[in-house]
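Examining the three-dimensional arrangement
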Amino acid sequence: MEFADEARELLLVAPADFVRERTARQRSVRKDDRALATRIGGLRKPAPAAWVVDLLAHEGALDEAVDLGPAIRQAQADADPDEIRRLRRQRSEVVAALAQAGADLASDAGHPLTSAVLDQVRATIEAAMADGHAGAAVRSGLLVRPLESAGFDAVDLDGALADPDAVPDSWSGTDAEPIPITSARRSRKGGRASRPGPGPGPGPGPEPEPKPKPQSEPEPEAEPQAAPEPRTDPAAERRAAREAEATARAESRDADAALDSAEQELEAAEDRRAEFERQLAEAAVEVERAERARDEAADASDRARDLLRAAQHHRRDVGR
């Protein structure tokens, strides 16, 4: 199996059980594919709302919602108020139905949703309707955090998917072609007009004496020209942006890995504490049983002494 397939299966596990299941899966594939095991070990635990959306995606329940998005955007572009009202009403009904379906799936899995998580589920579905890239993301079954639509801005998908390369349609940005470097560069030549030089005379001869120039007000000094703005290279800017995004994503993954490691250590510590508490409870039962046995033995000893004293008194009475 490829990493995206492994991730889709693991993301269906409830967040409370995710770390344990991920560790078990990582160990099971390590012998055959160490690279895959490493990627599985770095898989981020999904937020509860993302887990619910992945459950809905696994059921194929999000198609209607995502397909409704382009119709809503077209109605808004056409400024058709009646169509907008109709589609918004339909959107509200679809979002409510999907949120309820997600709540039912979570309850069936033994993890009922809080109202805050349910609000995040609704916001994620609405974001999938508002943005085509977000729609591809939620249908992928690889969501690890909830989404949110902010006005007309594109939905932020940074760090939202377990494997962004597996869902190319979710890449954020516009569909416009990149601007060629040559057309992006602007000519910044100076605007000085050329002045005509002296043309050829009719023939050789003495040059006329220069006529004195009429006195006039001195010409104002020309203002110094501003230094030309540095040329920008769109390709370099895009490359720098990609590098910055890759760096941020790597830092995010490292932080998530540290968080997961801490969660694993916490889970192991809780397991040890539970085992210690179990042993302590068993020891308490043993102590109580031993105390009860001691008390019974003490009672038996007292009765035996009483019988011994009675027998001694009886013997003395018979011997008189």
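Just so you know, these numbers come straight off a predicted model, no measurement behind them.

What follows concerns the nonpolar core. In this structure, Leu62, Ile125, Val138, Leu142, Leu143 and Leu147 are the most contacted members of the largest nonpolar core, which totals 52 residues. By residue number, the principal contributor to this core is helix α4 (residues 48-58), which donates eight residues. Ignoring any residue separated from it by four or fewer positions in sequence, one finds leucine 142 in contact with Ala4, Ala7, Arg8, Leu11, Asp54, Ala160, Leu161, Ala162, Asp163, Ala166 and Val167.

Take the packing of helix α6 (residues 81-108) against helix α7 (residues 115-130) next. Helix packing geometry: the angle between the two helix axes and the distance between the axes. Relative to each other, α6 and α7 sit at 135 degrees, their axes nearing to 9 Å. What the angle tells us is that α6 and α7 run oblique. In this structure, the crossing between α6 and α7 has a hand that is right-handed. Residue-level inspection shows Arg91, Val94, Val95, Leu98, Ala99 and Ala103 of α6 in contact with α7, the latter providing Leu118, Arg122, Ile125, Glu126 and Met129.

As a further point, take the side chain of serine 140. Structurally, the position occupied by serine 140 is in the loop between α8 (132-139) and α9 (181-184). A distance of 2.6 Å separates a polar side-chain atom of serine 140 from the backbone oxygen of alanine 137. Of note is the side chain of serine 140, whose polar atom sits 3.1 Å from the backbone nitrogen of leucine 142. Not counting chain neighbours up to four residues away, the residues in contact with serine 140 comprise Arg8, Leu161 and Val167.

In this section: helix α3 (residues 34-41). Burial in α3 covers these residues: Leu36, Ala37 and Ile40. Down the axis of α3, the smallest arc covering the buried residues is 100 degrees, so these residues share one side. Across α3 from its buried face, at more than 90 degrees, point the exposed residues Arg34, Ala35 and Thr38. Along its buried surface, α3 packs onto α1 (3-10) and α2 (15-30).

What follows deals with the pattern of salt bridges. Inspection of the entire model under this criterion finds 13 salt bridges. Among the salt bridges present, the one from aspartate 63 reaches arginine 139, with a minimum N-O distance of 3.5 Å. Linking aspartate 63 in helix α5 (residues 63-78) with arginine 139 in helix α8, this pair joins segments that are 76 residues apart in sequence. Under the relative-accessibility criterion, aspartate 63 is labelled partly exposed at 36%. By relative accessible area, which is 37% here, arginine 139 ends up partly exposed. Residues joined in a network through salt bridges with shared partners are Asp63, Asp67 and Arg139.

For the rest of this paragraph, the subject is α7. With 16 residues, α7 should reach 22 Å at 1.5 Å per residue; the first-to-last C-alpha distance of 23 Å fits that figure. Listed as buried for α7 are Val117, Leu118, Val121, Thr124, Ile125, Ala127, Ala128 and Met129. Check the buried side of α7 and you find it contacts α4, α5, α6 and α8.

Moving on, we get to the packing of α5 against α6. With their axes 10 Å apart at the nearest point, α5 and α6 run at an angle of 160 degrees to one another. In terms of orientation, α5 lies roughly antiparallel with respect to α6. In this structure, α5 crosses over α6, and the sense of that crossing is left-handed. In this structure, α5 uses Glu64, Ala65, Leu68, Ala71, Ile72, Ala75 and Gln76 to contact α6, whose residues at the interface are Glu83, Ile84, Leu87, Arg88, Gln90, Arg91, Val94 and Leu98. Its residues assigned to classes, the contact of α5 with α6 shows nine nonpolar, two polar and four charged.

Do not read the fine detail of predicted coordinates wherever pLDDT is low. Chain-level statistics for the chain give a pLDDT mean of 76 and a share of 68% at 70 or above. The secondary-structure element of the chain with the lowest mean pLDDT is α9, recorded at 30, while α4 shows the highest, at 96. A low-confidence stretch, residues 172-223 stays under pLDDT 50, and its non-local contacts, those more than four residues away or across chains, total twelve contacts.

Conventions and cut-offs
Residue positions are given per chain, counted from 1 along the sequence in the order it is written. Only residues with pLDDT of 70 or above have their local features reported here, since the model is predicted, and side-chain atom pairs are shown and tallied only from 80 upward, although totals for entire chains, interfaces and linings are computed over all residues. No hydrogens and no water enter the side-chain calculation; it runs on all heavy atoms of the structure. Residues enter a nonpolar core if they are buried and are Ala, Val, Leu, Ile, Met, Phe, Trp, Tyr or Cys, with the set joined through side-chain atoms within 4.5 Å. Under the scheme applied here, a residue whose accessible area is under 20% of the maximum for its type counts as buried, over 50% as exposed, and between as partly exposed, the area being computed with a 1.4 Å probe on protein chains only. Think of it this way: any DSSP run of H or I at least four residues long counts as a helix, any run of E at least two long counts as a strand, and we number them from the N terminus. Here a residue-residue contact requires only that any non-hydrogen atoms of the pair lie within 4.5 Å. Only the stretch in contact is used when fitting a helix axis, every axis being a line fitted to C-alpha atoms; angles between N-to-C directions are given from 0 to 180 degrees. An angle below 35 degrees is read as roughly parallel, one above 145 as roughly antiparallel, one from 65 to 115 as roughly perpendicular, and any other as oblique. The crossing is said to be left-handed when, going from far helix to near helix, the turn is anticlockwise and less than a right angle, and right-handed when the turn is clockwise. Between N or O atoms, a polar contact is any pair within 3.5 Å; within protein, one atom must be a potential hydrogen donor and the other a potential acceptor, and residues adjacent in sequence are included only when both atoms are from side chains. To obtain the arc, one takes the directions from the helix axis to the C-beta atoms. Between Lys or Arg on one side and Asp or Glu on the other, a salt bridge is scored when a side-chain nitrogen of the former is within 4 Å of a carboxyl oxygen of the latter. Expected span of a helix: the number of residues minus one, times 1.5 Å. Note that Gly is not counted as nonpolar here; it falls among the polar residues with everything else outside the nonpolar set of Ala, Val, Leu, Ile, Met, Phe, Trp, Tyr, Cys and Pro and the charged set of Asp, Glu, Lys and Arg. Confidence scores per residue from the predictor, reported as pLDDT, run from 0 to 100.

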